[in-house]
Amino acid sequence: MGTTAKEEMARFWEKNTRSNRPLSPHVTIYKWSLPMAMSITHRGTGVALSLGVSLFSLAALLLPEQFPHYLAAVQSLSLGPALIYSAKFALAFPLSYHTWNGIRHLV
């Protein structure tokens, strides 16, 4: 008769415990490098752009007014130039980084 999965797992863990082998390569054993950080950032900006476009399109479908109404509401807040430029940078950086990093990857 065959062994159960529970018995197989117990035997596996006993063997690994006796041999003192690491469980698996973990993030903590790798030395951080520039390509690794760029890859992670590329994925993060891709997710952020995807969520941003999805939320913007969902808002465009569900909100009752047209875009000029909401643009006028933001303009009426009289936000300072520092905040406006920061917001523009926060919108432009993920797009430009993701685009240029994708081109770098393809080249």
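Structure: see above.
Residues numbered from 1 in each chain as written. Predicted model: local features only at pLDDT ≥ 70, side-chain atom pairs only at ≥ 80, totals over all residues. Heavy atoms only, no water.

**A word on helix 4 (residues 81–106)**
- The end-to-end C-alpha separation of helix 4 is 37 Å, in line with the 38 Å expected for 26 residues at 1.5 Å each.
- In helix 4, a bend of some 30 degrees at Ala 92 exceeds every other bend along the element, and Pro 94, a proline, comes one to four places later.
- Taken together, the buried positions of helix 4 are occupied by Pro 94, Tyr 97 and Asn 101.
- The elements touched by buried residues of helix 4 are helix 2 (34–62). (Helix = DSSP H or I, 4+ residues; strand = E, 2+ residues; numbered from the N terminus. Expected span 1.5 Å × (residues − 1). Bend = angle between axes of the 7 residues up to and from the residue. Buried < 20%, exposed > 50% of the residue type's maximum accessible area, 1.4 Å probe, protein only. Contact = heavy atoms within 4.5 Å.)

**Some details on the packing of helix 2 against helix 4**
- Across the interface, helix 2 lies against helix 4 with an axial gap of 9 Å and an inter-helix angle of 130 degrees. When the axis of helix 2 is compared with that of helix 4, the two are oblique. Relative to helix 4, helix 2 is oriented so that their crossing is left-handed. The residues of helix 4 that touch helix 2, namely those facing Met 38, Thr 41, His 42, Thr 45, Gly 46 and Leu 49, are Pro 94, Leu 95, Tyr 97, His 98, Asn 101, Gly 102 and Arg 104.
- Grouping the constituent residues of the contact of helix 2 with helix 4 by class yields five nonpolar, seven polar and one charged. (Axes fitted to C-alpha atoms, helices over the stretch in contact; angles between N-to-C directions. Parallel < 35°, antiparallel > 145°, perpendicular 65-115°, else oblique. Left-handed = near helix turned anticlockwise from the far one by under 90°. Nonpolar A, V, L, I, M, F, W, Y, C, P; charged D, E, K, R; others polar.)

**Quick notes on the packing of aromatic side chains**
- This structure, assessed with the given rule, holds four aromatic pairs.
- On the numbers, 6.4 Å between centres and 70 degrees between planes, the contact of Phe 56 with Phe 67 is edge-to-face. Of this pair, Phe 56 sits in helix 2 while Phe 67 sits in helix 3 (residues 67–75), and the two are 11 residues apart along the sequence.
- Its relative accessible area of 55% is what places Phe 56 among the exposed residues. (Phe/Tyr/Trp six-rings, centres within 6.5 Å; stacked < 30°, edge-to-face > 60°.)

**Details of the layout of surface pockets**
- By volume, the largest pocket is sized at about 530 Å³.
- Around the largest pocket, the lining is made up of 18 residues, and of these Phe 56, Phe 67, Tyr 70, Leu 71 and Val 74 lie nearest the centre.
- Those elements that place two or more of their residues in the lining of the largest pocket are helix 2, helix 3 and helix 4.
- Partitioned by chemical class, the residues of the lining of the largest pocket number 13 nonpolar, three polar and two charged.
- Estimates place the volume of the second largest pocket at around 240 Å³.
- Residue lining of the second largest pocket: Ala 48, Leu 49, Gly 52, Val 53, Phe 56, Ala 90, Leu 91, Pro 94 and Leu 95, and that is the complete set.
- The element contributing the most residues to the lining of the second largest pocket is helix 2, with five residues.
- For the lining of the second largest pocket, the per-class residue count stands at eight nonpolar, one polar and no charged. (1 Å grid on protein atoms, 1.4 Å probe; cavity = no way out; pocket = protein on both sides within 12 Å on 5 of 7 lines; lining within 4 Å. Points joined across faces, edges and corners; volume = space filled by probe spheres on them.)

None of this, on its own, says anything about what the molecule does.
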